[in-house]
Amino acid sequence: MRRVMAGLLMLLLMPVCAMAAPDTPYAPETVLQTEPLSDGALAALEGLYPAIRRCEEQIELPEGTRYDDVSAAMSCLSRNYPELFHLRNEWAIGYFQDAPAYATVVKPAYTMSYWEYESVLSRLLETARNMAVVVSGSQADRAETLHDLLCERASYDRSETLDADNTAVGALLVGVTRCEGYAQALSLLYRLSGIPCGVVTGDAGTGLDVSRHAWNAAVIDGTPTLIDATWNDQEGNGCVTHWYYGLTDAMMAADHVPDPEFSLPVMNVITVNWHARRGLLVTDSAGLYAAIRRFALEGEISIRFADSALYADFISRTNDWLNDYNAMSAPGEAFYGSFGVIFADEQLCAMLAAVEVEGP
C-alpha cells in the first residue's frame, strides 16, 4: 500500500537532473528492468537507491520530480533490487497541494535499523558471492547450477503465518521462504554471476487454483527466457523438476500471467531450455523411446513433450510404453521394477524415478 502526504507550499517546476547508475553490488547492466521506466523514473530511482541503502527515513526530492516517476521508481526498487530486502512495500510520497503531479519527499518504511541491515546485507552478499564464484562453465551452465543450488538451499514456507521472510534473505540465509524470496534470490545470484535477471509478478495457476506469484526473466547467453524456481523446487517429491526452466513466453503463458505493467523482451527461443539442452524435448515416439532408455540406464528422467497427444497417451499408458520399450530393448537395457511418476499437465512434462522396494 502507499500512503500520501500533502503540503501547502508552492512548487517551482524544474526538470529532474540525470544521475549516475546506482552503486549496486553487481554490474548495473545485469539489472533486467522488467517494468519499463521513463527517464524521469530512472533518475528518481538513481537518487532514491543510495538513500534507501542508508535507511533514510525522509528523502528529499529534486524540484520538478514527477509523482508518477517516484511511484514507479519505488515500486521497482522494492521489487527488482534484492539487496533492498529491508524496504517495506509501503511508503509515503509527499507533494504540494497546488502541484499534485510533482513529488517533494519520500518517506520509506523499513523492516530493520541501519546497523542491523548492514550486518544482514554483509552476510547475504557473502553467501551469494560464495555460491556464484564456485560455479563454472558457460552462462547457460552457470545459470542452471545456480538455480539448482538455490533450490537445494531453500524450502518453500507452507505455513499460514504472515511473518515469513519472503526476500533473498529468507531464501539464502534462513532457508525458508516463498515465491518472492526464490525470485529475489535468483536475481541476486544471477547478477553476481554476470547474468542479466529481473523479477516478474503476476497470477499463476489454472482454473480456480490461481494465486499471486513471482518468477524471473533472464537473458542467458544472449537468449531472453523465463524461470520459475519456486515451482521447480518439488521439495515434497525430493527433486528439482526443471519444468519451469528456460521457457518461452508462450510456454510460460500456459499457467503464468504477468501483471500488465511488465514489458518483457520477446522470448521465443528454447536454446537454454533445460530439456532442450539435454535432448529431452520429445517430439515423437522414437524420441520418447530414447528417453525411456535413458531412464532405464540412469534411474531417473524428466521429459518435456512437444506434442500434447503424445504426452496424454504416455501419462495414461505409462506401463504400456515401458513394456513396449522392454520388448524392443537391447540386453541389459530393459527396466524392470517399481517407479514413481510426477507430471505437469500445463507444461506437458513428466518425471520418472526408479523406486527401491523394501523387503518384508
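Within every chain, residues take consecutive numbers counted from 1 along the sequence as written. Local features are withheld for residues below a pLDDT of 70 in this predicted model, meaning they are given only at 70 or higher, and side-chain atom pairs are given and counted only at 80 or more; totals for whole chains, interfaces and linings count all residues. Hydrogens and waters are ignored; side-chain quantities use all the structure's heavy atoms.

Quick look at the sheet that holds strand 16 (residues 338–344)
In a beta sheet, neighbouring strands pair by backbone hydrogen bonds and run either parallel or antiparallel.
Then, in step 1: In spatial order, the strands read 14-15-17-16; together these four strands make up an open sheet with mixed pairing. Pairing within the sheet leaves two strands with one partner each, and these edge strands are strand 14 (281–282) and strand 16.
Then, in step 2: The sheet strands contacting helix 11 (residues 308–316) are strand 14, strand 15 (300–305), strand 16 and strand 17 (349–355), and the helix crosses strand 17 at an angle near 30°. Here, strands pair whenever DSSP counts at least two bridges between them. Each helix corresponds to a stretch of at least 4 residues labelled H or I by DSSP, and each strand to a stretch of at least 2 residues labelled E; elements are numbered beginning at the N terminus. The contact rule is simple, with two residues in contact once any of their heavy atoms fall within 4.5 Å. Each axis is a line fitted through C-alpha atoms, taken for helices only over the stretch in contact, and angles between the N-to-C directions span 0 to 180 degrees.

Remarks on unusual backbone geometry
Then, in step 1: For His242, which is not glycine, the phi dihedral falls at a positive 65°.
Then, in step 2: As for its placement among the helices and strands, His242 is situated in the loop between strand 11 (239–240) and strand 12 (245–247).
Then, in step 3: Accessibility expressed as a relative area gives 6% for His242, which makes it buried.
Then, in step 4: Of note, the phi angle at Leu348 is positive, near 55°, even though the residue is not glycine.
Then, in step 5: Along the polypeptide, Leu348 turns up in the loop between strand 16 and strand 17. Accessible area is worked out with a 1.4 Å probe on protein chains only. A residue is then buried under 20% of its type maximum, exposed over 50%, and partly exposed in between.

With respect to the pairing of strand 4 (residues 99–110)
Then, in step 1: Of all 12 residues making up strand 4, nine are buried, and the element is well covered by its neighbours.
Then, in step 2: Where strand 2 (residues 59–60) lies against strand 4, two bridges are found, and the strand directions are antiparallel. Bridge pairing links Ile59 to Val106 in strand 4.
Then, in step 3: Here strand 3 (residues 87–96) pairs with strand 4 via seven bridges, running antiparallel. Paired with Tyr95 across the two strands is Ala103, which belongs to strand 4.

Here's the deal with the sheet that holds strand 13 (residues 256–258)
Then, in step 1: Read across the open sheet, the five strands follow the order 12-9-8-7-13; overall the sheet is antiparallel. Both edges of this open sheet fall to strand 12 and strand 13, since each of them pairs with a single strand only. Strand after strand, the sheet turns through a mean of 45° between neighbouring axes, direction not considered.
Then, in step 2: Pairing of strand 7 (residues 197–206) with strand 13 involves three bridges; the strand directions are antiparallel. Opposite Gly202, over in strand 13, you have Pro258 as the bridge partner.

So, the environment of Leu208
Then, in step 1: Relative to the helices and strands, Leu208 is located in the loop between strand 7 and strand 8 (209–220).
Then, in step 2: In this structure, the C-alpha to C-alpha distance between Leu208 and Asp259, residues 51 residues apart in sequence, is 18 Å.

Describing the confidence of the model for the protein chain
Then, in step 1: Per-residue confidence from the prediction method is given by pLDDT, with values spanning 0 to 100. Per-residue confidence for the protein chain gives a mean pLDDT of 91, with 92% of residues at or over 70.
Then, in step 2: Predicted confidence is poor over residues 1–19, with pLDDT under 50, and the contacts of this stretch with residues over four places away or in other chains come to 48 contacts.

Topic: the pattern of salt bridges
Then, in step 1: In what follows, salt bridge is the name for a side-chain nitrogen of Lys or Arg lying within 4 Å of a carboxyl oxygen of Asp or Glu. The final tally for this structure, using the stated rule, is 13 salt bridges.
Then, in step 2: Ionic pairing is found between Glu144 and Arg278, a salt bridge with its closest N-O pair at 2.6 Å. One end of the pair, Glu144, is in helix 4 (residues 139–153); the other, Arg278, is in the loop between helix 9 (274–277) and strand 14, with 134 residues separating them in the sequence.
Then, in step 3: Residue classification places Glu144 among the buried residues on the basis of a relative accessible area of 7%.
Then, in step 4: Owing to a relative accessible area of 29%, Arg278 belongs among the partly exposed residues under this scheme.
Then, in step 5: For Asp259, the salt bridge identified is with Arg212, shortest N-O distance 2.8 Å.

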